[in-house]
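# Descriptive analysis of the structure
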Amino acid sequence: MTGVRRDIRSLVRSQFRSALPDRLGIAVSGGGDSMALLHLLHDCFASGGVELFAATVDHGLRPEAAAEAEAAGAAAARLCISHEVLRWEDGPQEGNLQNQARQARYDLLTGWARRHGIPVLALGHTADDQAETVLMRMARASGVTGLSGMAERRTHNGVTLLRPLLDVTRRELREYLESHGIAWFEDPSNEDSRFERVRVRRALEELAPLGLTPAVFARIARNMAKAREALDWYVFLAARDLAHVQAGAVVLCQRKFRTLPSEISHRLLVRAFQWISGAAYPPRRVPMEKAVLAARNGGSATLAGCRLVTTSKQIWICREFNSVRGEVSLPGQAWDGKWKIYGGDVKGCEVRALGQNGLQLCPDWRAAGVPGAVLQATPALWRGGELAAAPAAGLANGWSAETAGSEEEFFASLLSH
Ligand SMILES: Nc1ncnc2c1ncn2[C@@H]1O[C@H](COP(=O)(O)OP(=O)(O)OP(=O)(O)O)[C@@H](O)[C@H]1O
């Protein structure tokens, strides 16, 4: 990425391969990267085939933000691209402001895309952003997944987020903007050294003479992404060999689990926890490492709203009773997002977790071959304080319980991150 000037328009165009969406959204902050993105995508697609739309989020956090959003709109209008300003009406709560603003931004942008039937939204992250991300993750001793940086594409809220500039450096974009006479805003927070990203950006300038350029970091990220893909594949194969889904839990054969390479067993367990909890992010590393040890050594662990229990031959990952004890629904409705319980007379009944007390009222629960801790977090039918049915624990009384998440879904989830 040095010396010879590259044709970045062709580079951006090649990111779309042949699968072009009929409508493409562009997230334009008004900063240089996304202004270049707006113009490059216009260059690539104005001649037809793809209808372009742009949007800017005004977080309402800086006085200049409204003017910047307006200027981004004017730039889009000059290219005959329709543009909308999305306001963060709720504003921040207490806590990490940057994280909240980012979350709100992605929610607003994908909500806007969905309203307009836009399946793909382009973001202006560059090779420099990728380098900063990788370096920050190195500082946290991340593994293969962390070092693969930001994905070229991912799904959020049913919309594909695409980063067509991940191979293009900020300097190349600045040259493009200047040579085309395009104006942009500099975000003052880009110079604010209270932010880790800004300090990392400066450190990268120091590293460049050693050959550790943004382009090199971006290449490391791509290599790691390939390695991650391979690991995911082997996790999938391992799961097909030693895992099944029962009573809403993921069950692993302990003997086979112990023979897996530690990277594969770790990943498999992370995915099982994520699938059971429904969380977008994996559990924290230290408790997760303890859970892997417990799984190998026949112990137990509680984390991320889930529980890991072992029997003589199996490892079970299920919901933790405490995280579902407050869940109440009516028969026929979803319970804990994925169970449905239905059957006989629903009058005066509600669905709640079975719990320890309920389990004691199920004389045949052991016949199901499911550990008590797993059954405690399954749904039961209660009439007031009285247990009417607990289908997963062998007290059916004409009722059945089903989970929406099938075994095939669990296996598929292993390949979909
Ligand atoms: N206010 C905004 N309105 C619309 N799009 C934005 C806005 N801020 C950022 N973006 C989009 O996100 C891209 C990356 O910008 P920036 O690095 O500031 O965002 P980020 O979302 O904080 O990144 P990350 O996802 O790494 O946290 C921009 O190029 C642009 O496409």
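- Under an unreviewed UniProt entry, the name given to the protein chain is tRNA(Ile)-lysidine synthase, and the source organism is Leisingera methylohalidivorans DSM 14336.
- The UniProt entry for the protein chain carries the following text under Subcellular location (unreviewed entry): "Cytoplasm".
- You can read under Sequence similarities (unreviewed entry) in the UniProt record for the protein chain the words "Belongs to the tRNA(Ile)-lysidine synthase family."

## Concerning the sheet that holds strand S5 (residues 153–156)
- Overall, mixed pairing links the six strands, which are arranged S3-S2-S1-S4-S6-S5 in an open sheet. If you trace the sheet from one side to the other, it starts and ends with strand S3 (82–87) and S5, each paired once. If you compare each strand with its neighbour and ignore which way they point, the axes differ by 30° on average.
- Here strand S1 (residues 23–27) pairs with strand S2 (residues 51–58) via five bridges, running parallel. Bridge pairing links Arg23 to Glu51 in S2.

## Examining the UniProt feature "domain: tRNA(Ile)-lysidine/2-thiocytidine synthase N-terminal" (unreviewed entry) in the protein chain
- Here, UniProt's "domain: tRNA(Ile)-lysidine/2-thiocytidine synthase N-terminal" (unreviewed entry) annotation points to residues 25–202.
- Taken end to end, residues 25–202 is 46% helix and 16% strand, and its first and last C-alpha atoms sit 32 Å apart.

## Description of the site of the ligand
- Taken together, the neighbourhood of the ligand is formed by 16 residues, with Ala27, Arg102, Arg105, Tyr106 and His125 sitting nearest.
- In this structure, an oxygen atom belonging to the ligand sits 2.7 Å away from a main-chain N or O atom of Ala27.
- Take Tyr106: an N or O atom from its side chain is 2.8 Å from an oxygen atom of the ligand.
- The fraction of the free accessible surface of the ligand (610 Å²) that becomes covered by protein chains is 81%.
- Counting residues per element, the ones that place at least two in the shell around the ligand are S2 and helix H4 (97–115).
- The residue makeup of the shell around the ligand, split by class, is seven nonpolar, six polar and three charged.

## A few points about empty space enclosed by the protein
- For the structure shown, the criterion picks out one cavity of 30 Å³ or more.
- Considering only enclosed or pocket space, the largest cavity measures out at about 60 Å³ in volume.
- In terms of lining residues, the largest cavity is bounded by Ala247, Gly248, Ala249, Cys318, Arg319, Asp336, Trp339, Val374, Ala377 and Thr378.
- Per-class residue counts for the lining of the largest cavity are six nonpolar, two polar and two charged.
- No fewer than three residues from each of domain 2 (247–297) and domain 3 (322–403) sit in the lining of the largest cavity.

## Some words on the nonpolar core
- Ranked by internal contacts, the top residues of the largest apolar core, which has 34 residues, are Leu252, Leu268, Leu269, Phe273, Leu308, Ile317 and Phe410.
- No other element matches helix H11 (residues 262–277), which puts eight residues into this core.
- When sequence neighbours within four positions are dropped, the list of residues in contact with Leu252 reads Leu242, Ala243, Phe257, Leu268, Leu269, Lys313, Gln314, Ile315 and Ile317.
- Formed by 31 residues, the second largest nonpolar core is a distinct cluster that contains Leu24, Leu38, Ala122 and Leu177.

## Some words on the UniProt feature "binding site: ATP" (unreviewed entry) in the protein chain
- Using the residue numbers shown here, the UniProt feature "binding site: ATP" (unreviewed entry) corresponds to Ser29, Gly30, Gly31, Gly32, Asp33 and Ser34.
- Along the chain, Ser29 turns up in the loop between S1 and helix H2 (32–45).
- Of the residues examined, Ser29 reaches a relative accessible area of 47% and is grouped as partly exposed.
- Discounting chain neighbours no more than four positions away, the residues touching Ser29 are Ser34 and Thr56.
- A polar contact of 3.1 Å, which involves the side chain of Ser29, links it to the backbone nitrogen of Gly31.
- Summarising the element assignment, Gly32 is placed in helix H2.
- Ignoring sequence-local partners within four residues, the contact set of Gly32 consists of Arg174, Leu177, Trp184 and Phe185.

## Thoughts on the packing of H11 against helix H12 (residues 285–297)
- It is the contact of H11 with H12, at a shortest axis distance of 10 Å, that shows an interaxial angle of 105°. Judged by the inter-axis angle, H11 sits roughly perpendicular to H12. Counted together, Ser262, Ser265, His266, Leu269, Val270 and Phe273 of H11 and Met288, Glu289, Ala291, Val292, Ala295 and Arg296 of H12 form the full contact between these two elements.
- Tallied by class, residues from the contact of H11 with H12 come to seven nonpolar, three polar and two charged.

## Remarks on the sheet that holds strand S14 (residues 349–353)
- Sheet architecture is open: three strands sit in the order S14-S15-S16, paired in antiparallel fashion. Of all the strands in the sheet, the pair left with one neighbour each is S14 and strand S16 (386–389). Direction aside, neighbouring strands of the sheet carry axes that sit 50° apart on average.
- As paired strands, S14 and strand S15 (residues 379–383) are joined by five bridges and run antiparallel to one another. Residue pairing across strands places Cys349 opposite Arg383, the latter belonging to S15.

Cut-offs used in this document
Residues numbered from 1 in each chain as written. Predicted model: local features only at pLDDT ≥ 70, side-chain atom pairs only at ≥ 80, totals over all residues. Heavy atoms only, no water. UniProt positions renumbered as here; feature names shortened; annotations may be inferred. Pairing = 2+ DSSP bridges. Helix = DSSP H or I, 4+ residues; strand = E, 2+ residues; numbered from the N terminus. Axes fitted to C-alpha atoms, helices over the stretch in contact; angles between N-to-C directions. Near = heavy atom within 4 Å. Polar contact = N/O pair within 3.5 Å; in protein donor to acceptor, adjacent residues only side chain to side chain. Areas by Shrake-Rupley, 256 points an atom, 1.4 Å probe, with all protein chains shown as cover. Nonpolar A, V, L, I, M, F, W, Y, C, P; charged D, E, K, R; others polar. 1 Å grid on protein atoms, 1.4 Å probe; cavity = no way out; pocket = protein on both sides within 12 Å on 5 of 7 lines; lining within 4 Å. Points joined across faces, edges and corners; volume = space filled by probe spheres on them. Domains from an automatic or database assignment. Core = buried A, V, L, I, M, F, W, Y, C linked by side-chain atoms within 4.5 Å. Buried < 20%, exposed > 50% of the residue type's maximum accessible area, 1.4 Å probe, protein only. Contact = heavy atoms within 4.5 Å. Parallel < 35°, antiparallel > 145°, perpendicular 65-115°, else oblique.

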